[in-house]
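# An overview of the molecular structure
Given next are the chains, with one letter for each unit.
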Amino acid sequence: MKTLIIGEVTDSKLNSGTLEIINKANDLGLDFSVVTVGSEDSPILGSSTFQQTYIKRSAESLQFSNVADKISQIIQEQNISLVLAPSTYQSRDLVSFLSVDLSSSPVSNVINFEIQDGSVITTNSINGGESIYKTKITSSQFFIIN
Amino acid sequence: MGIQVLFPQQVSRFLKLDCISYIKAIEISENVILTRQTLEGSEKVTMPEKCVLSVTAGGVEPRYPNFKDIMAAKQKPIEKVELSSLNMNASQNLEFLDIEKLENSKNGETVIDEGEAYQVVIEKLKELKVI
């Protein structure tokens, strides 16, 4: 399953939420690449084990519409079927925009997910963590916010 | 709408408008200045002429309608819009599988720390192969 991880840069490095998702993708043996977004000129990024693209957004920009345009283009060019993003302000904006571009419902508040027979099954926390529920994503493109 | 919600951003994308999300304060002077929550803290931006705003739970105080306003609202016409008239894909692409309530368990081990409790933590970490 071709996967794109939308990462974030904090203090010139990949932040912890991004690293957790990369670790999960490795555990599941997903074929993934990473797109990171930040406003810094030269963050410390890069890996020999996966392809990585850094999108430097304008610090003057009010929102992430232009960044979403670029990521949407990458998703379509690379035939990405699963998009993973950390649960942050920036990622929530980006995933919302991408879900409209690609007509797919994003699944947020995901605490775990698995791949079963080519389908993505998510586990979500609700009611302040008092209950969990599971859903199966049936669209051709999946958006998950961990 | 609060941080968990993705809806305002989606609306702005449909309408091809800017979305200023996670607003926690609004100041109105010559311009409208919005204070927006970010990963690092917050930033102030000037509101564009047309945009979609989303506010965090603590960013606004709700104004509850009084009885007179509630009655007046009932007289207002409500425009009904058919989903099919909107240029959007509204098909369901999530299948609900299961829901489970998490129980709080009182079972567990209580350790009274008399200066040696760290040893218990170390043993637990060894059991879990963390160290």
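Structure report, in brief. Everything quoted here is computed from the prediction, not taken from an experiment.

### Things to note about the overall build of chain A
For chain A, the helix and strand inventory stands at three helices and ten strands. Here the C-alpha radius of gyration of chain A, 15 Å, is about what a compact globule of 146 residues would show, namely 15 Å. Counting only C-alpha atoms, chain A reaches 40 × 30 × 25 Å along its principal axes. Out of the 146 residues in chain A, the part that is buried amounts to 51%. Within chain A, contacts between residues at least 6 apart in sequence are counted, and of these 60% link residues at least 24 apart. Accessible surface for chain A amounts to roughly 6300 Å². Of this, 41% is attributable to carbon and sulfur atoms.

### Here we look at the pattern of salt bridges
Counted under the stated rule, the structure contains eight salt bridges over all chains. For the salt bridge of Lys101(B) with Glu130(A), the shortest nitrogen-to-oxygen distance reads 3.8 Å. Placement of Lys101(B) in strand 5 (residues 94-101) and of Glu130(A) in the loop between strand 8 (119-126) and strand 9 (131-137) is noted, with the two residues assigned to different chains. Under the relative-accessibility criterion, Lys101(B) is labelled exposed at 51%. For Lys124(B), the salt bridge is made with Glu109(B), and the minimal N-O distance between the two is 3.5 Å. With Lys124(B) in helix 3 (residues 117-127) and Glu109(B) in the loop between strand 5 and helix 3, this residue pair connects regions lying 15 residues apart in the sequence. Using a relative accessible area of 58% as the deciding quantity, one classes Glu109(B) as exposed. Ionic contacts of the salt-bridge type, sharing partners, join the residues Asp69(A), Asp101(A) and Arg13(B) into one network.

### With respect to the interface of chain A and chain B
Residue-level contacts link 39 residues of chain A with 33 residues of chain B. Buried area between chain A and chain B, both sides added, is near 3200 Å², and the carbon and sulfur share of it is 56%. Here chain A is connected to chain B by four salt bridges. The partner of Arg13(B) in a salt bridge is Asp101(A), and the shortest N-O contact between them spans 2.7 Å.

### Quick notes on helix 3 (residues 89-101) of chain A
Residue and element names in this part refer to chain A. Helix length check: helix 3 (13 residues) gives 19 Å between terminal C-alpha atoms against 18 Å at 1.5 Å per residue, within 8%. With eleven of 13 residues buried, helix 3 is to be regarded as a mostly interior element. What helix 3 keeps buried is the set Gln90, Ser91, Arg92, Asp93, Leu94, Val95, Ser96, Phe97, Leu98, Ser99 and Val100. Following helix 3 by one or two positions, Ser103 adopts a phi angle in the positive range, close to 50°.

### Focus: the pairing of strand 9 of chain A
Pairing between strand 8 of chain A and strand 9 of chain A: seven bridges, direction antiparallel. Following the sheet pairing, Val120(A) is matched in strand 9 of chain A by Ile137(A). Hairpin remark: strand 8 of chain A followed by strand 9 of chain A, antiparallel, with four residues in the connecting loop; positive phi at Asn127(A), about 55°. The sheet contact formed by strand 9 of chain A and strand 5 of chain B spans seven bridges and is antiparallel.

### Quick notes on the sheet that holds strand 9 of chain A
Sheet strands associate in pairs through backbone hydrogen bonding, adopting either a parallel or an antiparallel arrangement. Reading across from one edge, 7(A)-8(A)-9(A)-5(B) is the order of the four strands in this open sheet, with antiparallel pairing throughout. Only two strands of the sheet have a single partner each, and these edge strands are strand 7 (110-116) of chain A together with strand 5 of chain B. The mean angle between the axes of side-by-side strands here comes to 20°, regardless of whether they run parallel or antiparallel.

### A few points about unusual backbone geometry
Phi angles above zero are rare outside glycine, and Asn127(A) is one such case at about 55°. Looking at the secondary structure, you find Asn127(A) in the loop between strand 8 and strand 9. Notably, Tyr22(B) is not glycine yet its phi reads approximately 55°, a positive angle. Looking at where Tyr22(B) falls in the secondary structure, it is placed in strand 1 (residues 18-28).

### Looking at helix 2 (residues 65-77) of chain A
All names here are of chain A. The terminal C-alpha atoms of helix 2, which comprises 13 residues, lie 18 Å apart, in line with the 18 Å expected from a rise of 1.5 Å per residue. Buried residues of helix 2: Val67, Ala68, Ile71, Ser72, Ile74 and Ile75, and no others. Buried residues along helix 2 cover an arc of 160° about the axis, so they all sit on one side. Residues of helix 2 that are exposed and point more than 90 degrees away from the buried face comprise Asn66 and Glu77.

Calculation criteria
Residues numbered from 1 in each chain as written. Chains lettered and ligands numbered in written order. Predicted model: local features only at pLDDT ≥ 70, side-chain atom pairs only at ≥ 80, totals over all residues. Heavy atoms only, no water. Helix = DSSP H or I, 4+ residues; strand = E, 2+ residues; numbered from the N terminus. Rg over C-alpha atoms; globule rule 2.2 N^0.38 Å. Buried < 20%, exposed > 50% of the residue type's maximum accessible area, 1.4 Å probe, protein only. Contact = heavy atoms within 4.5 Å. Areas by Shrake-Rupley, 256 points an atom, 1.4 Å probe, with all protein chains shown as cover. Salt bridge = Lys/Arg side-chain N within 4 Å of Asp/Glu carboxyl O. Buried area = accessible area lost by both parts, 1.4 Å probe. Expected span 1.5 Å × (residues − 1). Pairing = 2+ DSSP bridges. Axes fitted to C-alpha atoms, helices over the stretch in contact; angles between N-to-C directions. Arc of directions from axis to C-beta.

Function cannot be inferred from these measures alone, as they are strictly geometric.
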